[in-house]
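Here's the letter readout for the chains.
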Amino acid sequence: MSTIAFIGLGQMGKPMASNLIKKGHSLTVYDVNKTAIAEVQALGAKSSTSPKDAVKDCEFIITMLPNGKLVEEVIFGQNGVIHTIRKDGLIIDMSTIHPLESDNLRNKLTMQNIEFMDAPVGRTSDNAVVGTLLILAGGTSEQIKRASPILRCMGSEIINAGGPGQGIRVKLINNFMSIALNALSAEAATLCEALGLPLDVAINVMKGTPAIKSHFTTTWTNKVLKNDLTPAFMIDLAHKDLGIATDVANQLHVPLLMGAAAREMYSQARAMGRGKQDWTAILEQARMNSGLKNN
Ligand code: NAD
(Lines give C-alpha, C1' and ligand atoms only; values in the text may rest on other atoms or scores of the structure.)
Protein backbone atom coordinates (compact mmCIF):
# COMPACT_ATOMS: atom_id res chain seq x y z
CA MET A 1 0.00 0.00 0.00
CA SER A 2 1.33 3.43 -0.92
CA THR A 3 0.54 6.91 0.34
CA ILE A 4 -0.59 9.05 -2.57
CA ALA A 5 -1.67 12.68 -2.93
CA PHE A 6 -4.02 13.04 -5.89
CA ILE A 7 -4.59 16.56 -7.23
CA GLY A 8 -7.25 17.23 -9.89
CA LEU A 9 -10.46 15.24 -9.50
CA GLY A 10 -12.22 15.94 -12.78
CA GLN A 11 -13.65 13.63 -15.40
CA MET A 12 -10.39 11.64 -15.47
CA GLY A 13 -8.90 12.25 -12.04
CA LYS A 14 -11.95 11.20 -10.02
CA PRO A 15 -12.23 7.66 -11.43
CA MET A 16 -8.43 7.25 -11.40
CA ALA A 17 -8.31 8.22 -7.73
CA SER A 18 -11.26 5.89 -7.02
CA ASN A 19 -9.40 2.96 -8.58
CA LEU A 20 -6.35 3.64 -6.42
CA ILE A 21 -8.56 3.63 -3.31
CA LYS A 22 -10.28 0.39 -4.41
CA LYS A 23 -6.84 -1.25 -4.76
CA GLY A 24 -6.05 -0.37 -1.14
CA HIS A 25 -3.84 2.70 -1.44
CA SER A 26 -4.08 5.54 1.05
CA LEU A 27 -5.15 8.70 -0.77
CA THR A 28 -5.24 12.35 0.19
CA VAL A 29 -7.04 14.36 -2.46
CA TYR A 30 -7.26 17.99 -3.48
CA ASP A 31 -9.25 19.93 -6.08
CA VAL A 32 -10.41 23.54 -6.21
CA ASN A 33 -13.90 22.05 -6.52
CA LYS A 34 -15.00 21.03 -3.00
CA THR A 35 -17.82 18.81 -4.31
CA ALA A 36 -15.27 16.70 -6.19
CA ILE A 37 -13.23 16.31 -2.99
CA ALA A 38 -16.34 15.27 -1.03
CA GLU A 39 -17.23 12.63 -3.64
CA VAL A 40 -13.82 10.96 -3.46
CA GLN A 41 -13.74 11.38 0.32
CA ALA A 42 -16.94 9.33 0.46
CA LEU A 43 -15.00 6.48 -1.15
CA GLY A 44 -12.36 6.54 1.57
CA ALA A 45 -9.89 9.30 0.67
CA LYS A 46 -8.65 11.94 3.11
CA SER A 47 -9.53 15.49 2.10
CA SER A 48 -7.12 18.43 2.14
CA THR A 49 -7.30 22.18 1.87
CA SER A 50 -4.43 22.86 -0.57
CA PRO A 51 -1.75 21.01 -2.58
CA LYS A 52 0.67 21.88 0.24
CA ASP A 53 -1.67 20.24 2.75
CA ALA A 54 -2.33 17.19 0.51
CA VAL A 55 1.23 16.03 -0.06
CA LYS A 56 2.52 15.86 3.51
CA ASP A 57 3.93 12.36 4.16
CA CYS A 58 2.98 11.08 0.68
CA GLU A 59 5.34 8.89 -1.35
CA PHE A 60 3.65 9.79 -4.63
CA ILE A 61 1.97 12.99 -5.84
CA ILE A 62 -0.24 12.59 -8.89
CA THR A 63 -1.46 15.64 -10.82
CA MET A 64 -4.32 15.33 -13.33
CA LEU A 65 -5.05 18.91 -14.37
CA PRO A 66 -6.29 20.75 -17.45
CA ASN A 67 -3.03 22.47 -18.47
CA GLY A 68 0.63 23.18 -17.72
CA LYS A 69 0.06 26.55 -16.05
CA LEU A 70 -2.16 24.86 -13.44
CA VAL A 71 0.36 22.05 -12.89
CA GLU A 72 3.03 24.71 -12.33
CA GLU A 73 0.77 26.60 -9.90
CA VAL A 74 -0.09 23.42 -7.99
CA ILE A 75 3.60 22.54 -7.64
CA PHE A 76 5.31 25.92 -7.22
CA GLY A 77 2.47 28.26 -6.12
CA GLN A 78 2.12 29.86 -2.70
CA ASN A 79 0.26 26.78 -1.44
CA GLY A 80 2.13 24.42 -3.71
CA VAL A 81 3.45 20.88 -3.35
CA ILE A 82 7.03 22.13 -3.20
CA HIS A 83 6.65 23.50 0.34
CA THR A 84 5.84 20.19 2.06
CA ILE A 85 6.87 17.35 -0.27
CA ARG A 86 8.89 14.53 1.27
CA LYS A 87 12.56 14.36 0.20
CA ASP A 88 11.90 11.03 -1.53
CA GLY A 89 8.48 12.02 -2.93
CA LEU A 90 7.87 11.34 -6.64
CA ILE A 91 5.63 13.73 -8.57
CA ILE A 92 3.83 12.01 -11.46
CA ASP A 93 2.14 14.43 -13.83
CA MET A 94 -0.55 12.52 -15.73
CA SER A 95 -2.10 15.61 -17.36
CA THR A 96 -1.73 16.32 -21.07
CA ILE A 97 0.44 19.43 -21.17
CA HIS A 98 2.95 21.13 -23.46
CA PRO A 99 6.19 19.07 -23.55
CA LEU A 100 8.38 22.15 -23.12
CA GLU A 101 6.38 23.15 -20.02
CA SER A 102 6.80 19.61 -18.73
CA ASP A 103 10.59 19.80 -19.35
CA ASN A 104 10.69 23.11 -17.53
CA LEU A 105 8.90 21.65 -14.49
CA ARG A 106 11.24 18.66 -14.41
CA ASN A 107 14.33 20.90 -14.70
CA LYS A 108 13.18 23.22 -11.91
CA LEU A 109 12.36 20.26 -9.65
CA THR A 110 15.63 18.46 -10.44
CA MET A 111 17.52 21.57 -9.29
CA GLN A 112 15.81 21.08 -5.91
CA ASN A 113 16.50 17.31 -5.91
CA ILE A 114 12.81 16.49 -6.32
CA GLU A 115 11.80 13.64 -8.60
CA PHE A 116 9.30 14.24 -11.39
CA MET A 117 8.03 12.04 -14.18
CA ASP A 118 5.49 12.52 -16.96
CA ALA A 119 2.86 9.80 -17.41
CA PRO A 120 0.02 11.14 -19.58
CA VAL A 121 -2.79 8.80 -20.51
CA GLY A 122 -4.45 7.64 -23.68
CA ARG A 123 -8.09 6.57 -24.18
CA THR A 124 -11.09 8.19 -22.48
CA SER A 125 -12.86 8.73 -19.17
CA ASP A 126 -14.77 5.45 -19.75
CA ASN A 127 -11.41 3.68 -19.58
CA ALA A 128 -10.47 5.72 -16.51
CA VAL A 129 -13.59 4.33 -14.79
CA VAL A 130 -12.75 0.68 -15.49
CA GLY A 131 -8.98 1.10 -15.04
CA THR A 132 -8.00 0.39 -18.63
CA LEU A 133 -6.13 3.57 -19.50
CA LEU A 134 -3.08 3.48 -21.74
CA ILE A 135 -0.31 5.03 -19.65
CA LEU A 136 2.65 6.58 -21.46
CA ALA A 137 5.40 6.64 -18.88
CA GLY A 138 8.26 9.08 -19.30
CA GLY A 139 10.84 8.79 -16.58
CA THR A 140 14.05 7.06 -15.60
CA SER A 141 13.76 3.28 -15.47
CA GLU A 142 13.98 3.52 -11.64
CA GLN A 143 11.07 5.98 -11.53
CA ILE A 144 8.94 3.84 -13.85
CA LYS A 145 9.71 0.72 -11.80
CA ARG A 146 8.80 2.56 -8.62
CA ALA A 147 5.56 4.00 -10.02
CA SER A 148 4.41 0.87 -11.90
CA PRO A 149 2.42 -0.74 -9.05
CA ILE A 150 0.25 2.38 -8.70
CA LEU A 151 0.07 3.07 -12.46
CA ARG A 152 -1.23 -0.49 -12.94
CA CYS A 153 -4.23 0.36 -10.70
CA MET A 154 -5.33 2.97 -13.28
CA GLY A 155 -4.28 1.46 -16.59
CA SER A 156 -4.20 -1.86 -18.37
CA GLU A 157 -1.19 -0.96 -20.52
CA ILE A 158 1.92 0.85 -19.32
CA ILE A 159 4.31 1.89 -22.08
CA ASN A 160 7.89 2.83 -21.17
CA ALA A 161 8.25 5.73 -23.61
CA GLY A 162 12.05 5.74 -23.31
CA GLY A 163 13.10 8.37 -20.80
CA PRO A 164 12.13 11.58 -19.01
CA GLY A 165 9.84 13.76 -21.14
CA GLN A 166 9.18 11.03 -23.71
CA GLY A 167 5.74 10.09 -22.35
CA ILE A 168 4.33 13.55 -23.01
CA ARG A 169 6.05 13.59 -26.43
CA VAL A 170 4.56 10.29 -27.58
CA LYS A 171 1.17 11.48 -26.31
CA LEU A 172 1.53 14.63 -28.44
CA ILE A 173 2.41 12.66 -31.59
CA ASN A 174 -0.43 10.21 -31.02
CA ASN A 175 -2.93 13.03 -30.50
CA PHE A 176 -1.63 14.96 -33.49
CA MET A 177 -2.05 11.93 -35.72
CA SER A 178 -5.45 10.82 -34.48
CA ILE A 179 -6.94 14.33 -34.29
CA ALA A 180 -5.71 15.32 -37.77
CA LEU A 181 -6.84 11.93 -39.18
CA ASN A 182 -10.28 12.57 -37.71
CA ALA A 183 -10.55 15.71 -39.87
CA LEU A 184 -9.21 13.92 -42.97
CA SER A 185 -11.64 11.04 -42.33
CA ALA A 186 -14.50 13.54 -42.14
CA GLU A 187 -13.51 14.95 -45.55
CA ALA A 188 -13.32 11.46 -47.08
CA ALA A 189 -16.75 10.55 -45.63
CA THR A 190 -18.27 13.83 -46.91
CA LEU A 191 -16.87 13.30 -50.40
CA CYS A 192 -18.21 9.76 -50.27
CA GLU A 193 -21.70 11.04 -49.42
CA ALA A 194 -21.58 13.70 -52.17
CA LEU A 195 -20.55 10.97 -54.64
CA GLY A 196 -23.54 8.84 -53.60
CA LEU A 197 -21.21 6.05 -52.48
CA PRO A 198 -22.23 4.19 -49.29
CA LEU A 199 -19.65 4.80 -46.57
CA ASP A 200 -19.63 1.13 -45.54
CA VAL A 201 -18.50 0.13 -49.04
CA ALA A 202 -15.66 2.67 -48.89
CA ILE A 203 -14.66 1.57 -45.38
CA ASN A 204 -14.64 -2.05 -46.45
CA VAL A 205 -12.21 -1.26 -49.27
CA MET A 206 -10.03 1.08 -47.18
CA LYS A 207 -9.69 -1.54 -44.44
CA GLY A 208 -7.40 -3.46 -46.78
CA THR A 209 -5.29 -0.45 -47.87
CA PRO A 210 -3.00 2.13 -46.22
CA ALA A 211 -6.05 4.43 -46.02
CA ILE A 212 -7.10 2.64 -42.83
CA LYS A 213 -4.13 0.33 -42.16
CA SER A 214 -1.77 3.37 -42.01
CA HIS A 215 1.33 4.17 -44.02
CA PHE A 216 3.66 3.75 -41.04
CA THR A 217 3.03 0.02 -40.91
CA THR A 218 2.48 -0.73 -44.60
CA THR A 219 3.96 1.37 -47.41
CA TRP A 220 6.79 2.95 -45.40
CA THR A 221 8.30 -0.17 -43.87
CA ASN A 222 10.15 -1.45 -46.93
CA LYS A 223 10.52 1.84 -48.75
CA VAL A 224 11.34 5.23 -47.26
CA LEU A 225 12.23 3.79 -43.84
CA LYS A 226 14.82 1.62 -45.63
CA ASN A 227 16.02 4.53 -47.81
CA ASP A 228 14.54 2.88 -50.90
CA LEU A 229 12.70 5.46 -53.01
CA THR A 230 12.44 3.35 -56.18
CA PRO A 231 8.78 3.63 -57.10
CA ALA A 232 6.19 1.04 -56.14
CA PHE A 233 3.71 3.87 -56.74
CA MET A 234 5.09 7.18 -58.04
CA ILE A 235 4.66 10.65 -56.54
CA ASP A 236 3.47 11.77 -60.04
CA LEU A 237 0.63 9.23 -59.97
CA ALA A 238 -0.34 10.02 -56.37
CA HIS A 239 -0.45 13.71 -57.35
CA LYS A 240 -2.65 12.89 -60.37
CA ASP A 241 -5.11 10.84 -58.24
CA LEU A 242 -5.31 13.48 -55.53
CA GLY A 243 -5.89 16.07 -58.29
CA ILE A 244 -8.84 14.02 -59.61
CA ALA A 245 -10.32 13.78 -56.10
CA THR A 246 -10.01 17.52 -55.44
CA ASP A 247 -11.41 18.32 -58.90
CA VAL A 248 -14.45 16.05 -58.41
CA ALA A 249 -14.99 17.53 -54.95
CA ASN A 250 -14.80 21.01 -56.44
CA GLN A 251 -17.51 20.15 -58.99
CA LEU A 252 -19.68 18.74 -56.21
CA HIS A 253 -19.07 21.86 -54.05
CA VAL A 254 -17.30 19.83 -51.36
CA PRO A 255 -14.42 21.79 -49.79
CA LEU A 256 -11.40 19.54 -49.08
CA LEU A 257 -9.17 21.62 -46.83
CA MET A 258 -6.92 18.77 -45.78
CA GLY A 259 -7.03 17.18 -49.24
CA ALA A 260 -5.96 20.40 -50.97
CA ALA A 261 -3.08 20.87 -48.51
CA ALA A 262 -1.95 17.28 -49.19
CA ARG A 263 -2.18 17.83 -52.96
CA GLU A 264 0.06 20.90 -52.62
CA MET A 265 2.59 18.85 -50.69
CA TYR A 266 2.76 16.36 -53.57
CA SER A 267 3.03 19.36 -55.99
CA GLN A 268 5.95 20.61 -53.95
CA ALA A 269 7.61 17.17 -54.02
CA ARG A 270 7.25 17.11 -57.83
CA ALA A 271 8.70 20.61 -58.07
CA MET A 272 11.70 19.35 -56.11
CA GLY A 273 12.23 16.61 -58.70
CA ARG A 274 10.64 13.75 -56.77
CA GLY A 275 7.94 12.92 -59.36
CA LYS A 276 9.44 9.55 -60.25
CA GLN A 277 10.21 8.60 -56.63
CA ASP A 278 8.02 6.32 -54.52
CA TRP A 279 5.06 8.11 -52.89
CA THR A 280 6.59 7.40 -49.47
CA ALA A 281 9.24 10.02 -50.44
CA ILE A 282 6.66 12.49 -49.15
CA LEU A 283 8.32 11.87 -45.78
CA GLU A 284 11.64 13.07 -47.18
CA GLN A 285 9.87 16.16 -48.54
CA ALA A 286 8.43 16.92 -45.09
CA ARG A 287 11.85 16.43 -43.47
CA MET A 288 13.42 18.77 -46.03
CA ASN A 289 10.75 21.40 -45.37
CA SER A 290 11.68 21.18 -41.69
CA GLY A 291 15.43 21.48 -42.24
CA LEU A 292 16.00 17.93 -40.98
CA LYS A 293 17.33 16.90 -44.38
CA ASN A 294 19.22 18.79 -47.11
CA ASN A 295 17.68 17.38 -50.27
P1 NAD B 1 -11.51 18.15 -16.07
O2 NAD B 1 -11.64 19.58 -16.48
O3 NAD B 1 -12.74 17.30 -16.02
O4 NAD B 1 -10.82 18.08 -14.64
C5 NAD B 1 -9.81 18.93 -14.20
C6 NAD B 1 -9.94 19.05 -12.70
O7 NAD B 1 -8.86 19.88 -12.24
C8 NAD B 1 -11.24 19.71 -12.26
O9 NAD B 1 -11.88 18.95 -11.26
C10 NAD B 1 -10.79 21.07 -11.73
O11 NAD B 1 -11.61 21.57 -10.69
C12 NAD B 1 -9.40 20.73 -11.23
N13 NAD B 1 -8.54 21.89 -11.08
C14 NAD B 1 -8.40 22.96 -11.90
N15 NAD B 1 -7.50 23.83 -11.39
C16 NAD B 1 -7.05 23.29 -10.24
C17 NAD B 1 -6.11 23.70 -9.26
N18 NAD B 1 -5.45 24.86 -9.38
N19 NAD B 1 -5.91 22.91 -8.19
C20 NAD B 1 -6.58 21.74 -8.06
N21 NAD B 1 -7.49 21.29 -8.94
C22 NAD B 1 -7.72 22.05 -10.03
O23 NAD B 1 -10.42 17.52 -17.05
P24 NAD B 1 -10.18 15.98 -17.35
O25 NAD B 1 -11.04 15.55 -18.49
O26 NAD B 1 -10.19 15.21 -16.08
O27 NAD B 1 -8.69 16.04 -17.92
C28 NAD B 1 -7.55 16.13 -17.09
C29 NAD B 1 -6.31 15.97 -17.96
O30 NAD B 1 -6.38 14.71 -18.62
C31 NAD B 1 -6.20 17.03 -19.05
O32 NAD B 1 -4.87 17.42 -19.17
C33 NAD B 1 -6.70 16.30 -20.29
O34 NAD B 1 -6.17 16.82 -21.49
C35 NAD B 1 -6.22 14.88 -20.03
N36 NAD B 1 -6.99 13.82 -20.70
C37 NAD B 1 -8.35 13.83 -20.72
C38 NAD B 1 -9.03 12.79 -21.36
C39 NAD B 1 -10.54 12.76 -21.39
O40 NAD B 1 -11.10 11.87 -22.07
N41 NAD B 1 -11.23 13.64 -20.67
C42 NAD B 1 -8.32 11.73 -21.96
C43 NAD B 1 -6.93 11.73 -21.89
C44 NAD B 1 -6.26 12.77 -21.25
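Quick notes on the rules
- Residues numbered from 1 in each chain as written.
- Predicted model: local features only at pLDDT ≥ 70, side-chain atom pairs only at ≥ 80, totals over all residues.
- Heavy atoms only, no water.
- Salt bridge = Lys/Arg side-chain N within 4 Å of Asp/Glu carboxyl O.
- Helix = DSSP H or I, 4+ residues; strand = E, 2+ residues; numbered from the N terminus.
- Expected span 1.5 Å × (residues − 1).
- Buried < 20%, exposed > 50% of the residue type's maximum accessible area, 1.4 Å probe, protein only.
- Arc of directions from axis to C-beta.
- Contact = heavy atoms within 4.5 Å.
- Near = heavy atom within 4 Å.
- Polar contact = N/O pair within 3.5 Å; in protein donor to acceptor, adjacent residues only side chain to side chain.
- Areas by Shrake-Rupley, 256 points an atom, 1.4 Å probe, with all protein chains shown as cover.
- Nonpolar A, V, L, I, M, F, W, Y, C, P; charged D, E, K, R; others polar.

Novice: Can you tell me about the pattern of salt bridges, naming the residues and giving the values?
Specialist: Per the counting criterion, the structure on display carries 15 salt bridges. Linked through salt bridges whose partners overlap, the residues forming this network are D103, R106 and R169.

Novice: So what's going on with helix α12 (residues 257–271)? Which residues, and what values?
Specialist: For α12, with 15 residues, the first-to-last C-alpha span of 21 Å sits near the 21 Å given by 1.5 Å per residue. Among all positions in α12, only G259, Y266 and A269 are buried. End-on, the buried residues of α12 take up no more than an arc of 75°, which puts them together on one face. Away from its buried face by more than 90 degrees, α12 exposes L257 and A271. Contact partners of the buried residues in α12: α8 (166–195), α11 (235–251) and α13 (282–289). Two residues or fewer after α12 comes G273, characterised by a positive phi angle close to 85°.

Novice: So what's going on with the site of the ligand? Residues and values would help.
Specialist: Residues in close proximity to the ligand total 24 residues, the closest being Q11, M12, D31, L65 and T96. Within the side chain of D31, an N or O atom sits 2.6 Å from an oxygen atom of the ligand. Relative to its unbound accessible area of 840 Å², the ligand is 75% covered by the protein chains. Per-element accounting of the shell around the ligand gives the leading share, three residues, to helix α4 (residues 68–76). Counted by class, the shell around the ligand contains 11 nonpolar, nine polar and four charged residues.

Novice: Summarise unusual backbone geometry; cite the residues concerned and give the values.
Specialist: Its identity is not glycine, yet N113 carries a phi of approximately 60°, on the positive side. Structurally, N113 can be placed in the loop between α5 (99–111) and β6 (115–118).

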